[in-house]
Amino acid sequence: MLYNLNMSKTKQNFICSVCSFCSPRWIGSCPECQSWSTFCEKEIANFTKTNLNRTVTLKSLSDKINLPERLKSNVLEWDRVLGGGIVPGSLSILTGDPGVGKSTLLLQIANTLSKFHSVVYVSSEESLDQIQLRAQRIGCQNSDLKFLDNSDLGIIIATIKTTDTAVIILDSIQNCCIENGNFGSISQLRDVTFELMRFAKQENRAIIATGHVTKDGIIAGPRTIEHLVDTVLYLQTDDKNQIRILRSVKNRFGSVNEIGFFEMNCDGLKEVRNFSQQLVADASNAIGSILVSSFEGSRPIIVELQALIIPSNFGIPQRVITGIEHKQVILIAAILEKYLHVRFSTNDIFFKVSGGIKLKEQTTDLAIALSLLSSYFQKPLPPKSLALGEMSLTGQIKPISQAQAHVKEGRTFGIEKFFLAVSQKIEENKKDCVFLSSVYDLLKLFPE
Ligand code: TYD
Ligand code: MG
């Protein structure tokens with residue numbers, strides 16, 4: 001049903017079933033998405049007649065509210081990313097590349113949730129046999145978890161209404177269809193999302209649906225429905241290792257910076273609660289390597305930076321940088337070249353961040369500089385070293401905020417040496433701290 005807020009007698013009552021473009025008359029080809037024969041007539045609700053004689057009670061923000069209790073799964077990495085558990089009556093989307101592990105994660109969450117709440121796992125993609133096979137493989141066999149393999153949204157909603165289900169897992173939202181809908185089209189995806197949202201809110205049942213990311217991210221991609229839902233979660237991987245990172249990019253009920261770590265094994269996804277500890281243990285004191293700590297949501301994460309500097313064989317030196325802002329590394333290299341007369345401009349720079357993390361903070365400037373210099377001078381830094389500091393264009397090393405929290409976390413994970421700005425305020429013992437004031441101090445760390 002469309003609502004026409006324009007009080008005049010507009011007759012925009014033909015709508016493209018692919019992209020929802022409106023036209024006052026029927027047309028064969030859509031000027032917006034170029035689809036053919038997709039226009040159909042839609043009833044336009046009369047705003048004046050339907051709503052103007054209904055009233056509701058006005059409320060105040062200071063009115064007492066009953067906060068709904070969140071539904072916890074006891075999978076801590078999942079609960080934290082959601083802001084402390086699933087909010088009843090919310091609609092969340094879990095999205096990510098095909099094969100990243102969305103179905104596996106949701107099956108495991110559904111399984112643990114079903115020990116405390118009534119949960120239905122609806123698959124619009126796979127048959128019950130397929131899900132059972134996976135469930136057996138990963139040990140998700142709680143008999144209280146109910147399944148439904150159907151893609152018709154009407155049937156799904158009608159069936160669930162007859163039960164007391166608190167959480168509905170829907171895999172996937174793109175494969176759900178509604179009557180007379182254009183299967184796979186954006187308008188159908190929007191309609192399905194809208195109906196799910198209405199159902200979740202009216203019935204106070206939480207829905208978590210998976211959504212596929214297409215290569216272009218446009219056609220039937222979850223991007224088009226992000227603004228409609230309460231929470232958008234991304235499950236990501238760096239392709240090379242088994243680590244999966246769960247990230248919330250929109251959360252109406254919590255922070256969007258939280259991330260959770262999982263590891264894909266032969267028996268499903270396992271929580272990785274001590275991700276930093278693993279990376280610190282794996283970190284070598286190889287040439288070009290240093291550790292850095294960065295806040296991801298409420299906790300600092302320790303990752304390893306690796307640089308490789310080699311003489312360039314081509315006229316234009318290569319810069320291959322992953323996991324960190326390209327410009328940040330280039331800028332630090334330029335500062336070092338300017339003040340320390342190291343010759344990066346005739347060398348190739350390869351730079352990466354371990355563990356599939358994407359660093360965004362400026363707090364990594366000092367670590368980048370030390371890692372580049374370590375590779376350039378072919379000298380390793382002391383084992384288990386961590387650097388924290390910003391660098392100005394004039395070559396000064398600047399303090400960062402919350403350094404104490406980073407140092408505290410680093411010590412618990414076995415960091416033996418901290419490189420910090422000279423003006424950085426650190427409480428308690430500073431025996432393991434090396435204070436640096438400018439780029440010239442960095443040279444002293446790599447004696448001839
Ligand atoms: P899946 O959850 O089906 O991904 P998505 O729903 O995001 O498309 O996961 C598929 C991949 O995960 C597949 O490549 C196999 C791998 N996998 C494992 O390595 N171990 C397991 O226990 C399971 C169930 C899947
Ligand atoms: Mg899947």
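Residues numbered from 1 in each chain as written. Chains lettered and ligands numbered in written order. Predicted model: local features only at pLDDT ≥ 70, side-chain atom pairs only at ≥ 80, totals over all residues. Heavy atoms only, no water.

Q: I'm lost on the sheet that holds strand E11 (residues 231–237) in this one. Help?
A: One open sheet accounts for 9 strands, arranged E8-E7-E9-E10-E6-E11-E12-E13-E14; its pairing is mixed. The open sheet has two edge strands with one neighbour each: strand E8 (146–149) and strand E14 (268–271). Geometrically, the sheet is characterised by an average inter-axis angle of 25° between neighbouring strands, direction not taken into account. Pairing between strand E6 (residues 91–96) and strand E10 (residues 206–212): 6 bridges, direction parallel. Note on E10: the bridge partner recorded for Leu91 is Ile207. The strands that helix H5 (residues 153–161) touches are strand E7 (119–123), E8 and strand E9 (167–171); relative to E7, the one it contacts most, it runs at about 165°. (Pairing = 2+ DSSP bridges. Helix = DSSP H or I, 4+ residues; strand = E, 2+ residues; numbered from the N terminus. Axes fitted to C-alpha atoms, helices over the stretch in contact; angles between N-to-C directions. Contact = heavy atoms within 4.5 Å.)

Q: Where do I start with the packing of aromatic side chains in this structure?
A: Each aromatic ring pair is described using two quantities: the centre-to-centre distance and the angle formed by the ring planes. One pass over the full model with this rule turns up 5 aromatic pairs. Aromatic pair Tyr339 and Tyr440: ring centres 6.5 Å apart, planes at 80°, arrangement edge-to-face. One end of the pair, Tyr339, is in helix H8 (residues 326–340); the other, Tyr440, is in helix H11 (residues 439–443), with 101 residues separating them in the sequence. For Tyr339, a relative accessible area of 22% translates into the label partly exposed. The exposure class of Tyr440 is partly exposed, given its relative accessible area of 46%. Site record: aromatic cluster; members linked through ring pairs are Phe344, Tyr376, Phe377 and Phe446. (Phe/Tyr/Trp six-rings, centres within 6.5 Å; stacked < 30°, edge-to-face > 60°. Buried < 20%, exposed > 50% of the residue type's maximum accessible area, 1.4 Å probe, protein only.)

Q: Where do I start with the site of ligand 1 in this structure?
A: Every one of the 16 residues lining ligand 1 counts as a neighbour, but Gly99, Ser103, Thr104, Asn265 and Gly268 are closest to it. Thr104 has a polar side-chain atom sitting 2.5 Å from an oxygen atom of ligand 1. Within the backbone of Asn265, a nitrogen or oxygen atom sits 2.7 Å from a nitrogen atom of ligand 1. When ligand 1 sits alone it has 560 Å² of accessible area, and the protein chains cover 73% of it. Among the elements of the structure, helix H3 (102–113), helix H4 (128–137) and strand E13 (259–265) are those that each provide at least two residues to the shell around ligand 1. The element contributing the most residues to the shell around ligand 1 is H3, with 3 residues. (Near = heavy atom within 4 Å. Polar contact = N/O pair within 3.5 Å; in protein donor to acceptor, adjacent residues only side chain to side chain. Areas by Shrake-Rupley, 256 points an atom, 1.4 Å probe, with all protein chains shown as cover.)

Q: Any chance you could explain helix H9 (residues 365–377) here in plain terms?
A: One full turn of an α-helix is made of 3.6 residues, so residues set three or four places apart face in the same direction. Here H9 spans 18 Å end to end across 13 residues, near enough to the 18 Å set by a 1.5 Å rise per residue. Residues of H9 that are buried: Asp365, Leu366, Ala367, Ile368, Ala369, Leu370, Ser371, Leu372, Leu373, Ser374 and Ser375. Of the residues one or two after H9, Gln378 is the one with positive phi, at around 60°. (Expected span 1.5 Å × (residues − 1).)

Q: What am I meant to see in the pairing of strand E17 (residues 319–322) here?
A: The two faces of a sheet get side chains in turn, since along a regular strand they alternate between them. Where E17 lies against strand E18 (residues 347–353), 4 bridges are found, and the strand directions are parallel. Bridge assignment links Arg319 to a residue of E18, and that residue is Ile349. Crossover handedness for the path E17 to H8 to E18: left-handed. (Right-handed = clockwise from strand over helix to strand, strands pointing away.)

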